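Survey of secondary and tertiary structure
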Amino acid sequence: MRRSTHSWAWWGRAMERLLRPGRCPLCEAERQAGDERLDMLLYENVTDPGVRAELRASGGWCGHHFQRAMAIARGAGQTAGVALLYADVLEAAAARPPRRGRPCCGICCLAATAGRTAASQLAAVLDSSELDQEFTASGPVCLAHLPLVQALPAGRGRERLLQPAPASMAEVAAGLQDYFRRQSYDWHGDKSDQGVMARLGQLVQGGYPGATANQCRDREARVSWYRRLGRLR
Ligand SMILES: [Zn+2]
Ligand SMILES: [Zn+2]
């Protein structure tokens, strides 16, 4: 695929924003996409009838994205947007309690799409060895995002994205065994976890407590529900 120098440079910078020490780049892509969407909803779309209808239909955001929305709103010193949106959600839920099988969170769906897009784009950038050093300094792809990377077309970028995960998992597994062993009553030395539980958190949650990758089941079903609504393409 041919790309203009300008778009390639822009793309490289966008990918570089995803590479943070100790953090899964795909969790970072999901976090950025989710936060940007919530920010836009709270400051530009609070009175948009379509946005409000969608939020009512989905029964609001998941717990994680509600927490992010509150953090963003509090950061700006203005929580009235969340109040207005959730007055609607609660009125609708009171009139007709949520049922099983309803789609649960539009931000999770949007974030899932951002994660998938970032996986392909990051693989393409790493394919040409760009950002290799930055990727080495970032965290490995987390457990939840590994299947996404494994499903990418074969190539250097895919292999590079997968490369750090096995060594990280083996290192953390050995650390967990050691931590467990040191809890024995006949061990009188250091019983602390020596940071291994934090490293486990990085592999499971991509470096973010409450990261979106593990939030909801049946994400694919919800993505297709939102596609039908025309909210995702
Ligand atoms: Zn991840
Ligand atoms: Zn969510």
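To be clear, the structure that these remarks concern was listed above.
Here's a quick rundown of the structure. (Residues numbered from 1 in each chain as written. Chains lettered and ligands numbered in written order. Predicted model: local features only at pLDDT ≥ 70, side-chain atom pairs only at ≥ 80, totals over all residues.)

**Here we look at the nonpolar core**
Inclusion rule: We call a set of buried Ala, Val, Leu, Ile, Met, Phe, Trp, Tyr and Cys residues a nonpolar core when their C-beta atoms link them within 7 Å. Counting other C-beta atoms within 10 Å of a residue's own tells you its class, since 20 or more makes it buried, 12 or fewer makes it exposed, and anything in between is partly exposed; those C-beta atoms are placed from the backbone. Helix and strand assignments follow DSSP, with helices taken as H or I runs no shorter than four residues and strands as E runs no shorter than two, numbered in order from the N terminus. Remark: residues whose backbone-derived C-beta atoms lie within 7 Å of one another are considered to be in contact.
Grouped together as the largest cluster of nonpolar side chains are 39 residues, with contacts concentrated most on Leu-26, Ile-107, Ala-111, Ala-118, Leu-122, Leu-126 and Val-141. Elements with a minimum of two residues in this core: helix 2 (25-44), helix 4 (63-75), helix 5 (80-95) and helix 6 (106-127). The leading source of residues in this core is helix 6, at 13 residues. Ignoring anything within four residues of it in the chain, the contact list for Leu-126 reads Leu-131, Asp-132, Phe-135, Arg-156, Gly-157, Arg-160 and Leu-161.

**Overview of the environment of Pro-166**
In this structure, Pro-166 sits in helix 10 (residues 164-181). Residue class for Pro-166 comes out exposed when judged on the 11 C-beta atoms lying within 10 Å of it. Along the chain, Pro-166 and Pro-140 lie 26 residues apart, while their C-alpha atoms are 9.2 Å from each other.

**A word on unusual backbone geometry**
For residues besides glycine, phi is generally negative; the peptide bonds are generally trans as well. Positive phi outside glycine occurs at Leu-131, with the angle close to 60 degrees. Position of Leu-131 relative to the elements: it lies in the loop between helix 6 and helix 7 (132-137). Exposure remark for Leu-131: the 21 C-beta atoms within 10 Å place this residue in the buried category. Even without being glycine, Gln-194 reaches a positive phi, approximately 50 degrees. Tracing the sequence through the fold places Gln-194 in the loop between helix 10 and helix 11 (196-205).

**Structural notes on helix 5**
An α-helix turns once per 3.6 residues; consequently, residues spaced three or four apart project the same way. Rule in force here: The span one expects for a helix is its residue count, reduced by one, times 1.5 Å.
With 16 residues, helix 5 extends 23 Å between its outermost C-alpha atoms, agreeing within 8% with the 22 Å of an ideal straight helix rising 1.5 Å per residue. Every buried residue of helix 5 is listed here: Gly-81, Val-82 and Leu-85. The secondary structure elements touched by the buried residues of helix 5 are helix 2, helix 3 (49-58) and helix 4.

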